[in-house]
Amino acid sequence: MTTTTTDTAVAPPQQRPAEGFWATYGRWWVNAPGSALYLLVVFVLAMTSIGVLASFFSTGIGLLVLVIGLPMVVLTLLIARVLGVVDRFLLRLTGLPQIAEPEWNRDAPDANGFWMTLTRPIRNGHYWSYLVHGMIVNPIISTISFALTVAWLSVGLGGLTYWFWGIFLPRGDVGRWGQYVADFMPGLFGGWSWWAVEVVLYLVAGILFTFTLPWVMGGLARMHHAIAQGMLGRWPSDDLAAEVRAEAAARGLAVQAEDAALRRLERDIHDGPQQRLVRLQMDLAALQRRAEAGDTDAAAELAREAQFHTKAALDELRALSTGVAPPLLQDRGLGAALNALGAATALPVTLDIDPAVDTVSPEIARTIYFVVAELLTNAVKHSGASEVTVRAAIRPATPQTQAMLDVWVVDNGHGGAHMSPGHGLEGLRDRVAGLRGILRVESPYGGPTTIGAHVPLPAPGAADTGTGVR
Amino acid sequence: MMADPRTETPDAGLRVVLVEDSVLLREGLVRLFDEAGYVTAGAFGDADDIVARVRGAQADVAILDVRLPPTFRDEGIKAAITLRAEAPDVGILVLSQYVEGLYARELLAGGDGGIGYLLKDRVTSLEEFTDAVRRVREGGTVLDPLVVKELLAARPDPLASLTPRERDVLELMAEGRSNASIAERLFIGVGAVEKNISSIFAKLGLEETGSEHRRVLAVLAFTQRS
């Protein structure tokens, strides 16, 4: 998960490209062929879109009174989405910045019923925006830009080469328009042959159009791009919606894990110390009766039994409270607790713990502690490993990413660990997901097994998690 | 409560300072001290100014809880370490609801014996409790059997070479007991204990050291080796 690509991709522009007219002009030329290709292809796409979408949409609307119209409209919206995505994909030809994927599902994570799923496109503004773009906006602008592109390409490239292909034109008496121009403007073309006039005029037009070609192509591409950015791209509210969804999903998993843990705890208390205390109460009552009756031997025997049950109850309670919150974790923080875990494992454990891990919040520390404890137990029981390494480190925040807590448990066993339903690893993944983190398992057959838990750390103070995503 | 001859201990008149934040347990422990014939020279709810308090009370032994105000974390451990450094002549017994190998190491690293670390459960047996107090008073070391078991459980491989008898001897040795005490507990002769101990030291590659405290430290160091 240690992606460093984001760091380099959005690195601050350290050496700015050379300034000056010709350098800038050259850069426009670089993207001109791609833009021209886009402008030609998008016209075909736009014509297809208007045909498909208009017929489907009008059919769907017309049938709305019958139930069949609703899925028809949904289908239209889905087609609009596909066509819009294709347009966004084609826009990459222009060399302009990529347009971010919108949030297609802005419902609550548990809104997965039949009607909610069916009507999801209808309730999401992005689909309608794609439909308007594909059915109305794109055909109009594509037609204009197609005309201009064809004009510029043909006049620009055709003008420059007229001296060659003009020779092959079939000509009657009326075909020599150079003659008329020369006659009309004798001051300029006096004495020129009609052919020379035609070649020169075509050449001048060709030079003008070719020179301006990159600006026209770039300008039209930018217009398409700007409109697509607004209609096909991500809206500022999408980040918030995505954040809310992720938050709700994480909360759901955390609640599930918490619920299961609480139920187990309740059962353990009931089966263990509670039974002991009931028995203790009975023994003490019996002891009182024996003592009052003066039977000291029986009283002493009952007292011994009472002590035994008290001790057992204490042992059980200690085991339970350690299971809920290990004392060392509470007292000394995550680093010390992980070190103690490593020391208590029946395999040689190499520990590499960043002291900064003690700064994470108690919930994160507790979850990570139990995840590592479980992973170490797994390594001892199932992996056949002869040694384990536990590494924990804080990855500092960058302008693009949140700070993360990274924990790896690596063993040199025979591998083959995998997530399967009901398997222990899945429970661990849910626990980590409850903190909005991820658990990654790499365990090829033959080993080694590398399991990484990566948990985002909330930025101290400001709640700027929304901007951190982009 | 009447001083029963059975509970009269050789340490009658021993001056004890108690630091325990729970009133319930403080009362219970003070009653236990009375029963053992100790003088409760002071009972406190926190470990503030522990050295001055122990000195002021002219205590022979200080008995401390681990979780104490203000943060209820490891104040008792820190106080014990301070006390060890400032007042080496006072025996220290740390009592806790749970035992941690890390704390055992920290406590024992501070000095040359006269320190103990026990589960609170152990005080239910008057005999066990007075035995522990006597040992720390005399400069010995007391380590809870549960800590010893936990620490040794992490090293199954090297320990597999020990015979069951040697394993028993190792555990008792790690609790800080003398050869005589080990012999008495296992119903064997002191000579047999000595033979077992030299065999253990040879098998685990430990250096034979003099005092009981040094032996405990050697076992602790062994459990940390990897």
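Residues numbered from 1 in each chain as written. Chains lettered and ligands numbered in written order. Predicted model: local features only at pLDDT ≥ 70, side-chain atom pairs only at ≥ 80, totals over all residues. Heavy atoms only, no water.

Structural notes on a nonpolar patch on the surface
All names here are of chain A. On the surface, Trp163, Phe164, Trp165, Ile167, Phe168, Leu169, Leu203 and Ile207 cluster together into a nonpolar patch covering about 820 Å² of accessible area. Within the residue set of the nonpolar patch, elements represented by two or more residues are α7 (162-165) and α10 (194-232). It is α7 that contributes the most residues to the nonpolar patch, 3 residues altogether. Mapped onto the elements, Phe168 comes out in the loop between α7 and α8 (177-184). (Patch = residues over 30% accessible without salt bridge, like charges linked within 9 Å, V, L, I, M, F, W, Y side chains within 5 Å. Areas by Shrake-Rupley, 256 points an atom, 1.4 Å probe, with all protein chains shown as cover. Salt bridge = Lys/Arg side-chain N within 4 Å of Asp/Glu carboxyl O. Helix = DSSP H or I, 4+ residues; strand = E, 2+ residues; numbered from the N terminus.)

Some details on the sheet that holds strand β3 (residues 61-65) of chain B
All names here are of chain B. Strand order in the open sheet formed by 6 strands is β2-β1-β3-β4-β5-β6, and the pairing between neighbours is parallel. Each end of this open sheet is capped by a strand with a single partner; those strands are β2 (39-44) and β6 (141-143). Across the sheet, the mean angle from the axis of one strand to that of its neighbour is 20°, orientation sign disregarded. Across 5 bridges, the pairing between strand β1 (residues 15-19) and β2 is parallel. By the bridge assignment, Arg15 is partnered in β2 with Val39. (Pairing = 2+ DSSP bridges. Axes fitted to C-alpha atoms, helices over the stretch in contact; angles between N-to-C directions.)

Considerations on the sheet that holds strand β4 (residues 438-442) of chain A
Residues and elements named next belong to chain A. A sheet is described by the order of its strands in space; here 5 strands give the open sequence β1-β2-β3-β5-β4, paired in mixed fashion. The open sheet has two edge strands with one neighbour each: β1 (349-353) and β4. Neighbour-to-neighbour, the strand axes of this sheet turn through a mean angle of 10°, independent of strand direction. Bridge analysis of strand β2 (residues 388-395) against strand β3 (residues 403-411) gives 8 bridges, and the strand direction is antiparallel. Note on β3: the bridge partner recorded for Ile394 is Leu405. Of the strands in this sheet, β1, β2 and β3 touch helix α14 (residues 334-343), which is tilted by about 170° from β1. Helix α16 (residues 424-433) rests against β4 and β5 (449-457) of the sheet, and its axis sits at about 145° to β4. (Contact = heavy atoms within 4.5 Å.)

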